[in-house]
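Notes for the structure review
One letter stands for each residue in the lines below.
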Amino acid sequence: MKRAFVLAASLVLPILGLPAGGLAQDALPGPDPSGGDAPPKWRIGGFIQNQTGVFVAGDQDAKDDQGSPTNHGGNRGDLSMCRFTLQVEADWQPHRIFGAHLVVRAARSLTVPLDEDAQVPVPGYTGSSDRAKDRRREWVRDNHYDEVDIRELYVDIQPHPILNIRLGRQLVAWGESGNSRLLDVINPVDATWHFGGFESFEDQRIPLWMLRTTIEIPQLDGGLDVVWIPMLPFVERPEDTVTTPLTFVGAWGLPMPPRQRDESVSPNKIYRKTMRIPHEFGEDSRIGLRWKGNIGPHVNYSLMYYWGHQVSPPIPAFYDVRTDQDGLDVALDFPRQHIAGFSIEGQVPYPLATMLKLEATIEPDRTYPVYSAGAKEMIETGDPDVLRIGFDRKRKTVVNYGLTLQQPFWVRPLNPEEPFVLVFQFNHSIIADFDEDEFIVGVPGYDTTVLTRHEYRIVGALFSTWLRGHITGKIAAGYIPREVGWKIEREGDVETWSLRKRPSSHGSGFMTLGMGFKVWAGLRVNVAYNHFFGDEAYSDLGFYRDRDEVNFVVRYQY
């Protein structure tokens, strides 16, 4: 059964948004303190990869009576993405108590037709002319698709067998419950180049400069992990410390919001967006602590606390109306928040060999935007040419938990060599002090994303390998049940708008069918069909409606 769990770790973690090497990374492998069987001083590796997607849904030219598209997918045959990646990894260990690690990633992506829908946050990119569309595509390419990034650059110091100090630019994985990222709160993510549910968080995580210290306490059969993120304005950009807003990109970003009231945050009325990102050294530092231990040979657990910022989504703070411009200047910020949580994971011994995991968090002060037509307040600026209006927003206590089951089993007629592995995950989010009259929304500017007290998500996956790992097949799906939806309706002859409930009996979700092939040592080819389904395909407003695609990945590992 050990082989089954190795197979599960290498396949299911990327499906659920986790790195296959996440467990080894989380263990902070440092220099060999014993001095025996020391690894070589130098190790260099990496990969070269191309990932290309093609839309396969029908034409997406339908528009509403205000001229906004009702669908957001690309026309059949259009590129959904085309990304080339070169990653180089190097390890240097000159001494048994000291080591260094470097990962550099260079990526180039082709612009795609839907990049013309990008909601560029600065003036000068609006309009329907070909030149304006080209400028938006170029902006997406320059700001989100092309990168030369130091993914990791840190030193490991292990002065004692129980103490490890890691200093530098790092990725930290504390959680293992997939796309919900319950405990995995340290690094923000960038999912602008593809749909995040199909990709590993190893690729999507944005690295941060930090100090990480791990202390093993054998007497308690566990260890303490402490992370301090100081904020370093002189070596990192503020926008690299928060999750990249999906309003800024086209093919895999959010669609244009529906027309709303004149004072709303609808992008077709916005002149400029300003992200007020906290990035002062010391003052805006983030800190986290995690205890991870074992209860007997089959159960492990963790306890964590994190004091940081709400890295996604940015919350509207206020907007300015200026006498010398047409459109609003909208300011958004990233409030402070506390997160506490725990996980417990156990394995039922052979012959069942079932893996069960519970992961839960409490957020006592999560900030939400509200329906844009809600109450607002005047803010004094001292400038007679600027009218500043503050957005209403609410702080709520939120409880989240996720249950994961992983079960290997044999179907000899279909695969006599390897087991199938079934993974099932159920996530539930509860707003404890919910008030239905407040109309809190999940995505700022999209009034139809009104939240309820209880939000659910179900994820499942099934996979196996054949011919000694040369062929891998997988099926994965995510589903969001929904009974009530929201829509914006015009009232009377006067241009006023309000929210109305509507039935939503089927919910929405996504599914991926994939096959992977090991061509020869180091070369892998994967092909997948990705499909979105439901009332409002993927969540409340058709974020990914009609973005069905066929996706190809070719990777050479060296």
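A quick note: this is a predicted structure, and the numbers were derived from the prediction, not measured.

1. Structural notes on the overall build of the chain
Along its length, the chain carries four helices and 25 strands. By residue count, 51% of the 558 residues in the chain fall in the buried class. Accessible surface, the chain: about 25,300 Å² in total, of which carbon and sulfur atoms supply 59%.

2. Describing the nonpolar core
Residues Trp139, Val140, Phe195, Trp252, Phe532, Phe543 and Tyr544 are the most contacted members of the largest nonpolar core, which totals 24 residues. Top element by residues in this core is helix α3 (residues 130-145). It accounts for three residues. One finds Leu183, Val227, Met231 and Tyr306 within the second-largest nonpolar core, a separate group that totals 13 residues.

3. Description of the sheet that holds strand β8 (residues 270-276)
With respect to topology, five strands assemble into an open sheet ordered β8-β12-β11-β16-β15, the strand pairing being mixed. Two strands lie at the open edges of the sheet, namely β8 and β15 (377-379), each paired on one side alone. Pairwise comparison of adjacent strand axes, ignoring direction, gives a mean angle of 25° for this sheet. Summarising the sheet, β15 and strand β16 (residues 386-390) pair through three bridges and their orientation is antiparallel. From the neighbouring strand, methionine 378 faces β16, where its bridge partner is isoleucine 389.

4. Points about the pairing of strand β11 (residues 315-322)
Counting buried residues in β11 gives six out of eight residues, a clear majority hidden from the surface. Alignment of β11 against strand β12 (residues 328-333), held across six bridges, turns out to be antiparallel. Paired with valine 321 across the strands is leucine 328, a residue of β12. Between β11 and the antiparallel strand that follows it, β12, lie five residues; glycine 327 among them carries a positive phi value of about 125°. Across five bridges, β11 lies against β16 in antiparallel orientation. Within β16, the position partnered with valine 321 by the bridge is leucine 387.

5. Remarks on a nonpolar patch on the surface
Among the surface-exposed residues, Trp42, Ile44, Ile48, Leu86, Val88, Trp92, Met515, Phe517, Val519, Trp520, Tyr556 and Tyr558 lie close enough to one another that they form a single nonpolar patch of about 1,200 Å² accessible area. Of all elements in the fold, only β1 (42-55), β2 (79-95) and β23 (508-520) reach the threshold of two or more residues within the nonpolar patch. Along the chain, the position of tyrosine 556 falls in strand β25 (residues 549-557).

6. Details of the environment of leucine 451
On the secondary structure map, leucine 451 appears in the loop between β18 (420-431) and β19 (454-466). Classification of leucine 451 by relative accessible area gives buried; the value is 14%. For the pair leucine 451 and glutamate 438, spaced 13 residues apart in the sequence, the C-alpha separation amounts to 9.9 Å. Once residues within four sequence positions are removed from consideration, leucine 451 is found in contact with Tyr368, Ile431, Phe434, Ile440, Val441 and Gly442.

7. Describing the confidence of the model for the chain
Confidence in the prediction of the chain, expressed as mean pLDDT, is 85, and 85% of residues score 70 or more. Low pLDDT, under 50, characterises residues 260-265; the stretch is placed with 26 contacts to residues that sit more than four places away or in other chains.

8. Concerning the pairing of strand β7 (residues 222-229)
Pairing of strand β6 (residues 208-217) with β7 involves seven bridges; the strand directions are antiparallel. Pairing of leucine 211 across the sheet is with tryptophan 228, part of β7. Counted along the chain from β6 to the antiparallel partner β7, the turn is four residues long, and its residue aspartate 221 has a positive phi close to 55°.

9. Concerning α3
For α3, with 16 residues, the first-to-last C-alpha span of 21 Å sits near the 22 Å given by 1.5 Å per residue. Of the positions making up α3, those classed as buried are Ala132, Arg136, Arg137, Trp139, Val140, His144 and Tyr145. The buried residues of α3 occupy an angular sector of 160° when the element is viewed end-on, so they sit on one face. Tucked into the core, α3 has its buried residues touching β3 (98-109) and β4 (147-160).

10. A look at the packing of aromatic side chains
Applying the stated criterion across every chain, the model contains 17 aromatic pairs. Between tryptophan 139 and phenylalanine 248, the aromatic rings sit 6.0 Å apart at their centres with planes inclined by 85°, giving edge-to-face as the arrangement. With tryptophan 139 in helix α3 and phenylalanine 248 in the loop between β7 and β8, the pair connects residues that are 109 residues apart, well separated along the chain. When its relative accessible area of 8% is taken as the criterion, phenylalanine 248 is described as buried.

Parameters and conventions
Residues numbered from 1 in each chain as written. Predicted model: local features only at pLDDT ≥ 70, side-chain atom pairs only at ≥ 80, totals over all residues. Heavy atoms only, no water. Helix = DSSP H or I, 4+ residues; strand = E, 2+ residues; numbered from the N terminus. Buried < 20%, exposed > 50% of the residue type's maximum accessible area, 1.4 Å probe, protein only. Areas by Shrake-Rupley, 256 points an atom, 1.4 Å probe, with all protein chains shown as cover. Core = buried A, V, L, I, M, F, W, Y, C linked by side-chain atoms within 4.5 Å. Pairing = 2+ DSSP bridges. Axes fitted to C-alpha atoms, helices over the stretch in contact; angles between N-to-C directions. Patch = residues over 30% accessible without salt bridge, like charges linked within 9 Å, V, L, I, M, F, W, Y side chains within 5 Å. Salt bridge = Lys/Arg side-chain N within 4 Å of Asp/Glu carboxyl O. Contact = heavy atoms within 4.5 Å. pLDDT = per-residue confidence, 0-100. Expected span 1.5 Å × (residues − 1). Arc of directions from axis to C-beta. Phe/Tyr/Trp six-rings, centres within 6.5 Å; stacked < 30°, edge-to-face > 60°.

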